[in-house]
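Read off the chains here:
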Amino acid sequence: MTGRPPGVTEETTITAIRKTVTAAGCTVALLTTAAACGTVENLTAGQKVDRAVDRLGEQKSLSFGLDLDADAHTISALGGDADPDEALPPEAAKALSALHVDVSVKSKKPLADSGEKDLLGTSLKVSGADGVLAEFRVVGDFTYYRADMKALGRTMGFPMPSADDLPPSEKEMKKVLQGDWVKIDTKALEDAQNPAGGSKRAGGAGDIDAKTQKKILNAVATVIGRKVTFRTKDGADGVEHVVATGNFRALVTGVIAKLRPLQDNLPAGMELPTAKDLKGAPDKKVSVDFTLKNGDLRQIRIDLAALADAPKGSKLPLVLKLAEAGDVSAPKGATELPADKFPGAGPGTLGGGMLGGGEL
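Residues numbered from 1 in each chain as written. Predicted model: local features only at pLDDT ≥ 70, side-chain atom pairs only at ≥ 80, totals over all residues. Heavy atoms only, no water.

Considerations on the packing of aromatic side chains
- Counted under the stated rule, the structure contains two aromatic pairs.
- Consider the rings of F136 and Y145, whose centres lie 5.2 Å apart with planes at 35°: the pair is tilted. The same class applies to F136 and to Y145, which are both buried.
- Ring centres of F142 and Y144 lie 6.4 Å apart, and the angle between their planes is 55°; this geometry places the pair in the tilted category.
- The ring of F142 carries K183 above its face, with NZ or CZ at 4.5 Å from the centroid. (Phe/Tyr/Trp six-rings, centres within 6.5 Å; stacked < 30°, edge-to-face > 60°. Buried < 20%, exposed > 50% of the residue type's maximum accessible area, 1.4 Å probe, protein only. Lys NZ or Arg CZ within 6 Å of the ring centre and 35° of its normal.)

Brief notes about the environment of I256
- Among the structural elements, I256 can be located in helix α9 (residues 248-259).
- Setting aside residues up to four positions removed in sequence, I256 forms contacts with L272, P273 and L278. (Helix = DSSP H or I, 4+ residues; strand = E, 2+ residues; numbered from the N terminus. Contact = heavy atoms within 4.5 Å.)

A closer look at the nonpolar core
- Among the nonpolar cores identified, the biggest contains 47 residues, and I75, V242, L259, F290, L297 and I302 are the most heavily contacted of them.
- At six residues, α9 tops the list of elements feeding residues into this core.
- Formed by 17 residues, the second largest nonpolar core is a distinct cluster that contains L133, F136, M160 and V176. (Core = buried A, V, L, I, M, F, W, Y, C linked by side-chain atoms within 4.5 Å.)

Focus: the side chain of S63
- You can see S63 is positioned in strand β1 (residues 61-68).
- From its side chain, S63 meets the backbone oxygen of E324 in a polar contact 3.2 Å long. (Polar contact = N/O pair within 3.5 Å; in protein donor to acceptor, adjacent residues only side chain to side chain.)

Quick word on the pairing of β1
- Both β1 and strand β2 (residues 100-107) contribute to a ladder of seven bridges, which runs antiparallel. Opposite G65, over in β2, you have D102 as the bridge partner. (Pairing = 2+ DSSP bridges.)

Details of the environment of S63
- Judged by relative accessible area, S63 falls into the buried class, the value being 10%.
- Note: C-alpha distance between S63 and V105 (42 residues apart in sequence) is 6.4 Å.
- Residues in contact with S63, not counting those within four places in the same chain, are V103, S104, K321, L322, A323, E324 and A325.

Here's the deal with the side chain of S127
- Here S127 is to be found in strand β3 (residues 119-128).
- Look at S127 and you get buried, because its relative accessible area is 14%.
- Setting aside chain neighbours within four positions, we find S127 in contact with A98, L99, H100, V132 and L133.

A look at the confidence of the model for the chain
- The pLDDT averaged across the chain works out to 75; a share of 73% of its residues lies at or above 70.
- With pLDDT under 50 throughout, residues 345-360 is counted as low confidence; its partners more than four residues away or in other chains account for 40 contacts. (pLDDT = per-residue confidence, 0-100.)

A closer look at helix α4 (residues 90-98)
- Residues of α4 that are buried: A92, A93, A95 and L96. Projected onto a plane normal to the axis of α4, the buried residues spread over an arc of 160° and lie on a single side. Turned more than 90 degrees away from the buried face of α4, the exposed residues are P90 and K94. (Arc of directions from axis to C-beta.)

Comments concerning the pairing of β3
- Bridge analysis of β2 against β3 gives eight bridges, and the strand direction is antiparallel. Bridge pairing links V101 to V126 in β3.
- Where β3 lies against strand β4 (residues 131-139), seven bridges are found, and the strand directions are antiparallel. By the bridge assignment for β4, L124 is matched with F136.
- A loop of two residues connects β3 with β4, the two strands running antiparallel in sequence.

Comments concerning the environment of G246
- Assignment of secondary structure puts G246 in strand β8 (residues 239-247).
- For the pair G246 and V288, spaced 42 residues apart in sequence, the C-alpha separation works out to 9.1 Å.

Quick look at the pattern of salt bridges
- What the rule picks out here adds up to 11 salt bridges.
- Note that D130 is salt-bridged to R154, the shortest N-O span being 3.0 Å. Of this pair, D130 sits in the loop between β3 and β4 while R154 sits in helix α5 (residues 149-156), placing them 24 residues apart in sequence.
- One salt bridge in this structure joins R137 and E135, with 2.9 Å as the shortest N-O distance. E135 matches R137 in its accessibility class, with the two residues each being buried.
- Shared partners join several salt bridges into a network, and the residues in it are E135, R137, R146 and D327. (Salt bridge = Lys/Arg side-chain N within 4 Å of Asp/Glu carboxyl O.)

Structural data, given as structure tokens:
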């Protein structure tokens, strides 16, 4: 990115984002799972979240919207005062303040009972200050993709290639650079990403069998049921807040210890963190606020400032909003591309290559 302060490299920027957002994501996942397991006995507040999560599974249409509810100045303080070189550069903070991620899914059956063949469509949309930056949809046998390359370039701080820059041999890529919808056979795309076939454990790459899933949920519930407290906050007009609180390092360390005996049953590449990795986990209390309306889960909110070395008193809320899914239908007029021409088709590059970020 241009205009980066001295000492702030792209690597430290990515590391700062990754450390905090990963920690926050783990916290939300752990506390949500604990409530949804139905074994939280310390307060009836946890049971309310349990029921709300069950009701999500009864729906056939669902969307998740994720963003940071903070301005660029607050986000730029993410690295804190301990190491000024890890502070986010202003342009990165500005981009993050406007960044919004939406995930939508529609199914023929209730989501809790749906398999891959039951899905009518899924989508992932990334938006910024200039509107939609990139969007993926999986409908039927095809994966669809579009991107606003100029907006992506402004957001990421460097120019993206244009259709005029392409040699004749890359004419298939013109539609991508022009921002038009393109599509690829999903199976062919998966084969292009994993040409060697990959190793398979627990029923296949990315799969976890039902028996292992139950063991994982039991392990998570056992730890968090002892270490997390749930309480309710007054609301109005059918709105109620349930707040789950626990020490982040204690939660993660306890859960990983319970999961380690299951390592051989996890998908290839899903390696658990080592004891050395866990020493770097924030030794801080963190709270997750679940917003319920008439019993339905509408929002999950966590303050990232509690996990980062942000200045005292800073607030950096990460907000996940839930609603019905938007449009996940197949776009009309999409141009089909061969798998080897699809951006990011190489191993490990699907998301990063398409967004202009190179390999993940």
